[in-house]
Amino acid sequence: MKRLILDIDENLSQIALLENGKLKEYHPEKRDGKNILGNIYKGKIQNVLKGMQAAFVDIGIGKNAFLFFDDVLFQQENLPKSITQVLKPGQPIMVQVSKEAVGMKNPRVTANISLPGKYVVLMPNVDYIGISHRIEEEVERKRLQEIVKKLKPEGIGIIVRTAALEATEQQIREDLEELIRLYEKIQKDFQNAPLPSLIYKEEDFAIKYLRDLLSDEVDEIVVNDKEEYENIKRYLKNVGKENISVTYEEGDLLGIYGADFQVDKLLEKKVWLKSGGFVIIDQTEALTVIDVNTGKYVGKSSLEETIYKTNLEAAEEIALQLKLRDIGGIIIIDFIDMKNENFKRDLLEFFKRELQKDRTKCTVLGYTQLGLVEMTRKRVRSQVGSYLKEKCPICEGEGMVYSTEYIYRRLRNNIERVLRHVNARKIYIKGNDKVVKIASEKGIIKFYKEKFNVDLELVVDNNKKYGHFEIEFE
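Only a predicted model underlies this, so the values are computations on that prediction, with no experimental measurement involved. (Residues numbered from 1 in each chain as written. Predicted model: local features only at pLDDT ≥ 70, side-chain atom pairs only at ≥ 80, totals over all residues. Heavy atoms only, no water.)

Some thoughts on the pattern of salt bridges
Operational definition: The salt bridge definition used is simple: a Lys or Arg side-chain nitrogen within 4 Å of an Asp or Glu carboxyl oxygen. Each helix is a run of H or I in the DSSP string that is no shorter than four residues. Each strand is a run of E no shorter than two, and both are numbered from the N terminus. Three exposure classes are used, based on accessible area relative to the maximum for each residue type with a 1.4 Å probe and protein chains only: buried under 20%, partly exposed in between, and exposed over 50%.
All told, the structure shown has 26 salt bridges when counted by the stated rule. Of the charged contacts in the structure, one is a salt bridge between glutamate 349 and lysine 352, with a shortest N-O distance of 3.8 Å. You can see glutamate 349 and its partner lysine 352 sitting in helix H8 (residues 341-355), three residues apart, about one turn around the helix. Take lysine 352: its relative accessible area is 30%, and that puts it in the partly exposed class. Residues joined by salt bridges that share partners form a network here, namely Asp7, Asp9 and Arg409.

Quick look at the UniProt feature "coiled-coil region" (unreviewed entry) in the protein chain
Just so we agree on the cut-off: UniProt positions are given in the numbering used here, feature names are shortened, and annotations may be inferred rather than shown by experiment.
Mapped onto this structure's residue numbering, the UniProt feature "coiled-coil region" (unreviewed entry) falls at residues 165-193. Taken end to end, residues 165-193 has its terminal C-alpha atoms 38 Å apart, with 83% of it in helix and 0% in strand.

Thoughts on the packing of helix H7 (residues 303-325) against H8
Counted only if it meets this: Axis lines are fitted through C-alpha atoms, for helices just across the contact stretch, and the angle between N-to-C directions can take any value from 0 to 180 degrees. Between 65 and 115 degrees an angle is taken as roughly perpendicular, under 35 as roughly parallel, over 145 as roughly antiparallel, and anywhere else as oblique. Crossings are classed by handedness, with left-handed meaning an anticlockwise turn of the near helix from the far one by less than a right angle and right-handed meaning a clockwise turn. Contact definition: two residues touch when any of their heavy atoms are within 4.5 Å. Classes in brief: Ala, Val, Leu, Ile, Met, Phe, Trp, Tyr, Cys and Pro nonpolar; Asp, Glu, Lys and Arg charged; the others, Gly included, polar.
At their nearest, the axes of H7 and H8 sit 9 Å apart, and the two run at 20° to each other. With respect to each other, H7 and H8 are oriented roughly parallel. Crossing handedness for the pair H7 and H8: right-handed. Across from Glu304, Glu305, Tyr308, Asn311, Leu312, Ala315, Glu316, Ile318, Ala319 and Leu322 in H7, the residues of H8 making contact are Phe343, Asp346, Leu347, Phe350, Phe351, Glu354 and Leu355. Across the contact of H7 with H8, the residue classes break down as 11 nonpolar, one polar and five charged.

Focus: the sheet that holds strand E11 (residues 129-131)
Heads up, the condition is: A pair of strands counts as paired when DSSP detects no fewer than two bridges linking them.
Strand order in this open sheet of four strands is E9-E10-E12-E11, and the pairing throughout is mixed. Either end of the sheet is taken by a strand with one partner, and the two such strands are strand E9 (115-116) and E11. Where E9 and strand E10 (residues 120-123) come together, two bridges link them in antiparallel fashion. Each residue of the ladder has a partner; that of proline 116, found in E10, is valine 121. Across the sheet, helix H1 (residues 138-151) touches E11 and strand E12 (157-160), and the angle it forms with E11 is around 150°.

Digging into the pairing of strand E14 (residues 220-223)
Spelled out, the test is: Note on handedness: a clockwise path from strand one over the helix to strand two, with the strands aimed away from the viewer, defines a right-handed crossover.
By the alternation rule, side chains of E14 split into Glu220 and Val222 and Ile221 and Val223, which are all buried. Two elements, E14 and strand E15 (residues 245-248), share four bridges in a ladder whose sense is parallel. Residue isoleucine 221 lies in a different strand from E15, and its bridge partner there is valine 246. Note on the crossover from E14 through helix H4 (residues 226-238) to E15: the handedness is right-handed.

Comments concerning the side chain of glutamate 202
In this structure, glutamate 202 sits in the loop between strand E13 (197-200) and helix H3 (205-213). Here glutamate 202 is in contact with Leu37, Gly38, Asn39, Pro116, Lys208 and Arg211, once residues within four sequence places are set aside.

Brief notes about unusual backbone geometry
Looking along the chain, the bond that leaves leucine 195 and enters proline 196 is cis, with omega of -10°. Positionally, proline 196 belongs in the loop between helix H2 (169-192) and E13. Positive phi, normally seen in glycine, also occurs at glutamate 166, with a value near 70°. As for its position among the elements, glutamate 166 is in the loop between E12 and H2. The class of glutamate 166 is exposed, set by a relative accessible area of 65%. The backbone of asparagine 453 shows a phi angle near 55°, a positive value even though the residue is not glycine. Mapped onto the elements of the fold, asparagine 453 is located in the loop between helix H12 (444-452) and strand E25 (455-460).

Laid out in structure tokens, this is it:
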């Protein structure tokens, strides 16, 4: 049973894919209008850095975007040797955001535009045909390639998406024609728009993720926002997926369907394995380090066999955690050391197969001289933790604490969980100063009195951790 949950409130949109109740995908997004990934702009070259073979582009968001030489368009016949030969300050240029701003890094843009549709991705500036690696049957790959060869205009690049599996030639043609019309409009807007300006905005939150996640054969979609509910129904009708059940349901959907506890665990460094072993995930500015430990697992046969089984279980969990937490960049994994070369080889192959379930590109480079597994995962957006945590005002950014909005959301979720199951007359919230202050400023006492006719009392308990609380009732 695959269920897609869209939990949307005034500050944060969350989408979660549950497979038999287990969290398989999770994407949060702040509703502040600052999500620019995939947007296309008419940008203005601010300055060109010959030494870095890159340029800064003003796209009108108050922070210049970074454009590498490899992401600049130029004629293949006369390949320039330097970025200064093709770009000059003040020059207009059409660019698409390929990576969000992460930490202190500026957003990254590319002149190689790509427009995703239902079945294909249009790449108007390259002559190329690609088939999703998730379509594995050779006969189906060949069929799709023949269709695209027939339909593809010269000089246009097309990538066939996983959703095109068993799609007809007519469906692919209509999708491609719609994308070509869209690109023609973008080109026209580029000519007429002021400098700098936004000329194409990526799909809204729900449709953007549905476009990718529906290829996973979702059985049911549940959403708590009426506007998005109508958008989803229209989208499913357009793509011929009306057989998928769509339900509108009010309330804390992540809590109702048991995903909230699993999301909370994405903010912890230690991840327990079923066997009793555990994985430690440590994220730094430059890279992510993952350490595997046997923990409580003692095995049933030899030590080497115990270590091998722990490593296999850890490899499966690590592949899932990288996807759930949206960890990108350089990743170093310290599996438990094994002397058996066959075990080491089998572990690496198993890990690569698990990573193939991830839509984001992952590259495993193999074992280093120290026996560590080195890999990279493409980074296109901020990690999940950046949406649910904020810099700690106490340690001045050296560590991270729960954000104000996340604490408030957890408060409401826990109160409503009590109200769903118990006929409580009075609820006590016991937390440190931070929790009590948030509850007071958000008017939580008045809200639950008016909506549910229940009395709330805030109790300061500074023995509790920063941002932590417990709820009692009578």
